[in-house]
Amino acid sequence: MESENKGSKIMGGNGMDGVENRGGQVGKQQGRGRSGSCVLLVVRVLGLVFTLVAAILLGVDKQTKVVPIQLLPTLPRLDVPVTARWHHSSAFVYFEVANIMACSYASLSLVLIVTSGGASHILKSMIIILDAVMVALLFSGIGAAAAVGLIGYQGNSHLQWGKVCNVFGKFCNQGVAAAAFSLLGSLAFLLIVVFSALRAQGKS
């Protein structure tokens, strides 16, 4: 009887240890999940801020310079004020719209994530897909703006397009700053997509 009692005590102790170990592992996994969710929220906020700054920088980008123009060789040059604005180029318009869309989406997704508490799997899947769409949208906008900006800095001798950034230096530099912030925003969304994919793979 004594040996049976001792055996039952040992078995009971091992069972309790197993329950405690499982509880500790679950607690650690929940803690990691919460910390990962907090990191994703912070990166999402950074994506919102970067795309917002990029949209503002390009939206207020404007420079007016007096440019001498000579219509005919026999006529004197005319000093004409010329203003460079972002909406004069369709590539810059696309870049601006892309950053506004990404910024608006980041704000909406933050509200949905916070209010839902991350409980809806359908919402999580939808947000991951839209995050990937924002990455593609931002990178395409940056590529379009960079192509036009490169012509502005270097010109194109084959098409007889002269460079304009030697005249509108402030306008071009501010556009470069906007592209840099947009690139940071796109990298933030890319990190969110990669981290979300790794978390989903770890759970499976």
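Fair warning: this is a prediction, and the values are worked out from it, not measured in the lab. (Residues numbered from 1 in each chain as written. Predicted model: local features only at pLDDT ≥ 70, side-chain atom pairs only at ≥ 80, totals over all residues. Heavy atoms only, no water.)

1. Some words on the state of the cysteines
Going by this rule: Our working definition of a disulfide is a cysteine sulfur pair at a distance within 2.5 Å. The classification of residues rests on relative accessible area computed with a 1.4 Å probe and restricted to protein chains. Under 20% of the type maximum is buried, over 50% is exposed, and intermediate values are partly exposed.
All chains considered together, the criterion is met by 1 disulfide. At a sulfur-sulfur separation of 2.0 Å, the disulfide partner of Cys165 is Cys172. Around the S-S axis, the bridge from Cys165 to Cys172 shows a dihedral of about -85° and counts as left-handed. Assessed through its relative accessible area of 9%, Cys165 is described here as buried.

2. Looking at the environment of Phe139
Here is the rule: Secondary structure elements are taken from DSSP: a helix is a run of H or I of four residues or more, a strand is a run of E of two residues or more, and numbering for both begins at the N terminus. Here, residues are in contact when the closest pair of their heavy atoms is within 4.5 Å.
Within the secondary structure, Phe139 is located in helix 3 (residues 121-154). Through-space distance from the C-alpha of Phe139 to that of Leu183 is 7.3 Å; in sequence the pair is 44 residues apart. Apart from the residues within four sequence positions on either side, Phe139 is in contact with Leu183, Ser186 and Leu187.

3. Some remarks on the pattern of salt bridges
We apply this condition: The term salt bridge refers to a side-chain nitrogen of Lys or Arg lying within 4 Å of a carboxyl oxygen of Asp or Glu.
Counted under the stated rule, the structure contains 1 salt bridge. Among the salt bridges present, the one from Arg44 reaches Asp131, with a minimum N-O distance of 2.9 Å. Of this pair, Arg44 sits in helix 1 (residues 2-59) while Asp131 sits in helix 3; the two residues are 87 residues apart in sequence, bridging distant segments of the chain.

4. So, helix 3
Stated formally: Between the first and last residue of a helix there are one fewer steps than residues, each counted as 1.5 Å, and that sum is the expected span.
Its 34 residues give helix 3 an end-to-end C-alpha distance of 49 Å, which sits within 8% of 50 Å, the value for a rise of 1.5 Å per residue. Among the residues of helix 3, those classed as buried are Leu123, Ile127, Asp131, Met134, Val135, Leu137, Leu138, Gly141, Ile142, Ala145 and Gly152. Backbone geometry just after helix 3 places Gly155 at a positive phi near 75°.

5. Quick notes on a nonpolar patch on the surface
As a reminder, the rule being used: Only residues above 30% relative accessible area that lack a salt bridge enter a patch, with like-charged residues linked at up to 9 Å and the nonpolar side chains Val, Leu, Ile, Met, Phe, Trp and Tyr linked at up to 5 Å. All accessibility values rest on the Shrake-Rupley procedure with a 1.4 Å probe; residue burial counts only the protein chains present in the view.
On the surface, Phe139, Leu183, Leu184, Leu187, Leu190, Val194 and Leu198 cluster together into a nonpolar patch covering about 560 Å² of accessible area. Judged by relative accessible area, which is 52%, Leu198 ranks as exposed.

6. Considering the side chain of Ser186
Structurally, the position occupied by Ser186 is in helix 4 (residues 169-203). Each residue touching Ser186, except ones within four places of it in the same chain, is listed here: Val135, Leu138, Phe139 and Ile142.

7. Things to note about the confidence of the model for the protein chain
To keep it simple, the criterion reads: You can read pLDDT as the predictor saying how much it trusts each residue, on a scale of 0 to 100.
Residues with a pLDDT of 70 or more make up 80% of the protein chain, whose mean pLDDT is 82. The lowest-confidence element of the protein chain is helix 1, averaging 68 in pLDDT; the highest-confidence one is helix 2 (residues 90-116), averaging 94. Note on residues 23-31: pLDDT is under 50 here. Beyond four places in sequence and across chains, it has 0 contacts.

8. Here we look at the side chain of Ser182
Assignment of secondary structure puts Ser182 in helix 4. In contact with Ser182, not counting residues within four places along its chain, are Phe50, Ala54, Phe95, Asn99, Leu138 and Ile142.

9. What about the packing of aromatic side chains?
The condition is simple: Each Phe, Tyr or Trp ring, with Trp reduced to its six-membered ring, pairs with another whose centre is within 6.5 Å; inter-plane angles below 30 degrees give stacked pairs, above 60 give edge-to-face pairs, and intermediate values give tilted ones.
Applying the stated criterion across every chain, the model contains 3 aromatic pairs. When the centroid spacing of 6.3 Å and the interplanar angle of 45° are considered together, the rings of Phe50 and Phe181 count as tilted. In this pair, Phe50 is assigned in helix 1 and Phe181 in helix 4, connecting sequence segments 131 residues apart. What makes Phe181 partly exposed here is its relative accessible area of 29%. Where Tyr105 meets Phe189, the ring centres are 6.2 Å apart and the plane angle is 35°; that geometry is what we call tilted. You can see Tyr105 sitting in helix 2 and its partner Phe189 sitting in helix 4, a full 84 residues away along the chain.

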